[in-house]
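# A structural walkthrough
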Amino acid sequence: MSGPTTQSPPEKPMIGIGLLRVDGRRKVTGAARYAAEFLVPNQPNGQNLAYAVFLGADIARGSIATIDITKAEQADGVVGILTFKNAPRLHDAASVKGVADPKSGSRLVPLQDEHVRFFGQPVALAVARTLEQAQHAASLIEVQYKAEAPSIDFDTATPRHVGNTSHGDAEAAFAQAAAKIEATYDIARENHQPMELHATLAEWQGEKLTLHEKTQGVVNTAEIVAAQFGLKPEDVTVISPFVGGAFGSALRVWPHTIMAAMAARQFKCPVKLILSRRQMVTSVGYRPRSRQKVRLGADANAKLTAIIHEATGETSSFETYVENVLTSTGFLHNCTNVATRYSTVALDTGTPTPMRGPGVSTGLYALESAMDELAYAAGIDPIELRLRNEPDKDLAKNLPFSSRATKECYRIGAQRFGWSKRAAQPGTMRDGHWRLGYGMATATYPSNQDKADVRVIFDIGGTVRVETAASDIGPGTYTSLTQIASDNLGIGIEHITVDLGDTRFPKAPSEGGSKTLATAGSATLAVCRDARQQLAALVGEENVADPPKWRAIFRRQGKRQLVVTGGSATADSREGFSCNAFGAIFAEVAVDADTGQIKVRRLTGVYGLGRIVNPRLTRSQVLGGMMQGIGMALLERTRLDPRFGNPTDGNLADYLIPVCKDAPLVDIVFVNEDDPHVNPLGVKGVGEIALCGIAPAIANAVYHATGKRVRALPILPENLMA
Ligand code: MOS
């Protein structure tokens, strides 16, 4: 069936193969362009380009009394200065809610009034010919503030109740429980700290705007920007082919994007705005600081009879950000009496935003730490406690699980990790002067799916293009979609190009919540199957995988392309099921008996993630999540000076993230899991669960090593010194 010069069609499926990243060469050679690297599309030499630098407020609450831009305006190279006095008024688009916008409150529209709501809030924008000139001009802007005492202190501010859930009667059951645990757990504020700085390049042509943008969602960005400028979404083109990490920080449209577009319109030139590392800490959200109280009740056989889980998270004064800290508490373990309660503390600070494993990783830290405490209280092994409390359905939703691999994960994980070598008594395992500890935790994250559209283009040149506006923020979406397209088109990957991150492609949701493969992947599967049939009808069934044949037929028919567009909705098969990924995490730590220094020596993660499209990339994503989990457990925190509201860890020297030297030996296993319900591809998503459960497994190991329960993250050496 193949002609003399053709590649034969793929013999074995590409799905399931650890294909190297199809964009890997572009990334390592610098050919892949990130937002800040673009020049002006319509002026390739970029000579008209201006740079914008904003000045952030250095108070956390109050207003601008006077603002003097005279000196700044006269500085070399300055194109113009924007403040609330001369910036264009934008539409009040507060009712337009975008991805990651809190359900209540109003998004901050920059440079519209004199009010200051948080430290670092943009109060002026300097636009100049070069970045350095813009930085210098910004430094010459003189602002006098009417400062008010800010409310910054999470501990003393009054929480506001947001919502609760319950099934059964948890308070009554807790009161009667034979064994009880009650403990409070804190997690510090964390910042995303992606390698790539957030950046925008804005260019207007008449009433049409083009943005080169660091974003996890081009469609969402176009919609929000359009609403604020009073444009139609189709008049805003957003281009974001590559994203150098984001972890949630690029889900929302932030003020810097709006300011770049504002300045480009006002000064009639393309404007590039790149946040500094310091500005990243106050400008693109963060994981909110949280405090959680967990009460667990159990009977004499260590079966859970009550779970009461209360969480408080920080938010801003102008938006109420709420995350799903408590969702998994209702179904992770078997308990008929569960109550949850969420509250927020509104502070004079910027609004939080989703950060990897948003809410769930926070909630699991407390729940899985409390489970560990209960295991010691009941005198049984932490895995045995979980096995005794393994649910056969989701009791919160009263639905069966689409699939749930926890028991297999515990078994395989325990065996590979060597859990049987764990001494029951904490503080008794040693390696020289290092105290050793083993800890474990259960991991979960919801497996969501959304709707997406995809376009498949067979070209007379013999190539196939697959286009969708989905993003690839690093997991390898270009690669996995190429594999899915290859199998479902019946065409070798060497003929296929996947294009992402552009509003000119068919609509797809933002890359977030671990649902891109379930969403854009399922759509790619559906549209490629349809496209294959259409091509087959055109060229004859046998020749689908044979580009020269379709080229010849296209030529004969005077056709340049065959374009097939379609989409997929949420799978009907999900109805009636609770769809989640599950895993079991095992950690070995060593704690220096004298200094309290903590090293994570080993991490084992065993996961049921449905079908694994690309084991290499899935493993890589879990590796990254494990490293970030070490950061959450032992290193990362952003503190605010209570007097001024400024972050005191606002740079990468003070905000510690794990480096290679912190990396443990890692063992990552995916169990075979065939989930026919979750979506047509059978995939469960990886990005979020990769972080979930790591921090509690490490925290539990630290307790096991030392006998000292530190109920706050990050766990620091000084917490362990007697
Ligand atoms: Mo993820 S926090 O949905 O980028």
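Refer to the structure presented above.
Here is a short report on the structure shown in this document. All values reported here derive from a predicted model rather than from experimental measurement. Here, residues in each chain are numbered from 1, in the same order as that chain's written sequence. Under the rules for a predicted model, residues below a pLDDT of 70 receive no local features and side-chain atom pairs below 80 are neither given nor counted, while totals for whole chains, interfaces and linings still include all residues. Values reported for side chains reflect all heavy atoms of the structure, with hydrogen atoms and water molecules removed beforehand.

## A few points about the nonpolar core
Counted only if it meets this: We define the nonpolar core as a collection of buried residues of types Ala, Val, Leu, Ile, Met, Phe, Trp, Tyr and Cys that are connected through side-chain atoms lying within 4.5 Å of one another. Buried, partly exposed and exposed residues are distinguished by accessible area as a fraction of the type maximum, computed with a 1.4 Å probe on protein chains only: under 20%, between the cut-offs, and over 50%, respectively. We call two residues in contact whenever any of their non-hydrogen atoms come within 4.5 Å of each other.
Ranked by internal contacts, the top residues of the largest apolar core, which has 67 residues, are Leu-296, Val-589, Leu-603, Tyr-607, Ile-698 and Ile-715. Ignoring any residue separated from it by four or fewer positions in sequence, one finds Ile-698 in contact with Ala-587, Val-589, Val-600, Leu-603, Gly-629, Ile-630, Ala-633 and Leu-634. Membership of the second largest hydrophobic core comes to 41 residues, among which are Val-219, Trp-254, Val-271 and Met-280.

## Some points on the packing of aromatic side chains
Condition: Side-chain rings of Phe, Tyr and Trp, where Trp is taken by its six-membered ring, are said to pair if the distance between their centres is within 6.5 Å; with planes under 30 degrees apart they count as stacked, over 60 as edge-to-face, and otherwise as tilted. Under the scheme used here, helices are H or I runs from DSSP no shorter than 4 residues and strands are E runs no shorter than 2 residues, and both carry numbers assigned from the N terminus.
Per the stated rule, a full pass over the model turns up 16 aromatic pairs. Ring geometry for Phe-331 versus Phe-401: centroids 6.1 Å apart, planes at 65°, classification edge-to-face. Within this pair, whereas Phe-331 is found in the loop between strand 16 (319–320) and strand 17 (338–347), its partner Phe-401 is found in the loop between helix 9 (382–388) and helix 10 (406–417), the two being separated by 70 residues in sequence. Of the two residues, Phe-331 and Phe-401, neither departs from the other in class, the shared state being buried.

## Focus: the side chain of Lys-214
We count it as follows: For the purposes of these results, a polar contact is taken to be a pair of N or O atoms within 3.5 Å, where, inside protein, one atom must be able to donate a hydrogen and its partner to accept one; residues adjacent in sequence count only when each atom of the pair is a side-chain atom.
Secondary-structure assignment places Lys-214 in the loop between strand 11 (208–213) and helix 5 (218–229). Since its relative accessible area comes to 2%, Lys-214 is described here as buried. At 2.7 Å, the side chain of Lys-214 forms a polar contact with the backbone oxygen of Glu-196. When sequence neighbours within four positions are dropped, the list of residues in contact with Lys-214 reads Ala-35, Pro-194, Glu-196, Leu-197, His-198, Ala-199, Ser-240, Val-243, Gly-244, Gly-245, Ala-246 and Ala-250.

## What about the environment of Ile-657?
Mapped onto the elements of the fold, Ile-657 is located in the loop between helix 14 (615–634) and strand 26 (665–670). Sequence separation between Ile-657 and Met-627 is 30 residues; the distance between their C-alpha atoms is 8.6 Å. If near-sequence neighbours (up to four positions away) are discounted, Ile-657 is found in contact with Leu-635, Glu-636 and Asp-662.

## Structural notes on the pattern of salt bridges
Our working rule: We define a salt bridge as a contact between a side-chain nitrogen of Lys or Arg and a carboxyl oxygen of Asp or Glu at a distance within 4 Å.
The full count for this structure, using the stated rule, is 42 salt bridges. Between Asp-431 and Arg-601 there is a salt bridge, and its shortest N-O distance comes to 2.9 Å. Of this pair, Asp-431 sits in strand 18 (residues 429–431) while Arg-601 sits in strand 25 (residues 598–608), and the two are 170 residues apart along the sequence. Overall, the relative accessible area of 36% leaves Asp-431 in the partly exposed class. Salt bridges linked by common partners bring Asp-101, Arg-107, Arg-252 and Glu-319 together as one network.

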